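Reading the structure
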Amino acid sequence: MMRDKATTKHRAWQRMLSGRRLDLLDPSPLDVEIEDIAHGLARVARWNGQTSGNAIFSVAQHSVLVLDVLDAMEPGLPETTRLMVLLHDAPEYVIGDMISPFKAVIGESYKGVEARLLGAIHLRFGLPAVTPSAIKALTKKADKVAAFLEATQLAGFGIEESCRIFGDPRPLPGTMDGVRLEPLPASEAQKMFLDRFVQIFR
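Rules and cut-offs
- Residues numbered from 1 in each chain as written.
- Predicted model: local features only at pLDDT ≥ 70, side-chain atom pairs only at ≥ 80, totals over all residues.
- Heavy atoms only, no water.
- Axes fitted to C-alpha atoms, helices over the stretch in contact; angles between N-to-C directions.
- Helix = DSSP H or I, 4+ residues; strand = E, 2+ residues; numbered from the N terminus.
- Parallel < 35°, antiparallel > 145°, perpendicular 65-115°, else oblique.
- Left-handed = near helix turned anticlockwise from the far one by under 90°.
- Contact = heavy atoms within 4.5 Å.
- Nonpolar A, V, L, I, M, F, W, Y, C, P; charged D, E, K, R; others polar.
- Expected span 1.5 Å × (residues − 1).
- Buried < 20%, exposed > 50% of the residue type's maximum accessible area, 1.4 Å probe, protein only.
- Arc of directions from axis to C-beta.

1. So, the packing of helix H8 (residues 133-153) against helix H9 (residues 159-166)
- Where H8 meets H9, the closest approach of the two axes is 10 Å, and the angle between their N-to-C directions is 155°. In this view, H8 runs roughly antiparallel relative to H9, as classed from their interaxial angle. The two elements H8 and H9 meet at a crossing, and its hand is right-handed. In this structure, H8 contributes Lys144, Ala147, Phe148, Ala151 and Thr152 to the contact, and H9 contributes Ile159, Ser162, Cys163 and Phe166.
- The residue inventory of the contact of H8 with H9, partitioned by class, reads six nonpolar, two polar and one charged.

2. Remarks on helix H10 (residues 186-200)
- Across its 15 residues, H10 extends 21 Å between first and last C-alpha, which sits within 8% of the 21 Å expected from 1.5 Å per residue.
- Buried within H10 are the following residues: Ala189, Gln190, Phe193, Arg196, Phe197 and Ile200. All buried residues of H10 project into a common sector of 135° when viewed along the axis, lining one side. Of the exposed residues in H10, those oriented more than 90 degrees away from the buried face are Ser187 and Lys191.
- Those residues of H10 that are buried are in contact with helix H2 (34-41), helix H3 (59-73) and helix H4 (79-86).

As structure tokens, this is what we get:
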């Protein structure tokens, strides 16, 4: 007996608490809500959860940290640039945070899904679908500083090992010197991410 195509087709959408259904293969900006992003990122663990503390160190908290590093390195950047940096890992509210070694194994298929999601997210908030190369470079630089801080303070990496993997960011830029990271409960990380978004996107 032949099976109905409708019953055999794989579901490619994710239902959000807002009620939106986001298609992973063809995401629409109309199905993107910042509350869904903040909720999801606050519940996705960095470092596969292999961090110290009573709470996970979430992607939401990481995103704010990267923006703080950027602001310390390059104060006074345009709000559109700062918003792109805050949202640089936003696709992970749908697809989770895969550690870099695993991304390397999966390859281009992961990158394609990630790029389509980020494009839809950007368009939803009036940003260019593709991040300009100069902003990508700034984000990567700030991201490496954040990764160094997370690795040495939360993920059990030694200083020399972290310098070898992420580069040596010392002396840390401006206000980041002496920063101590403390993983926040999901509700607090979610609010912090949303508050930072609202400060920028007014």
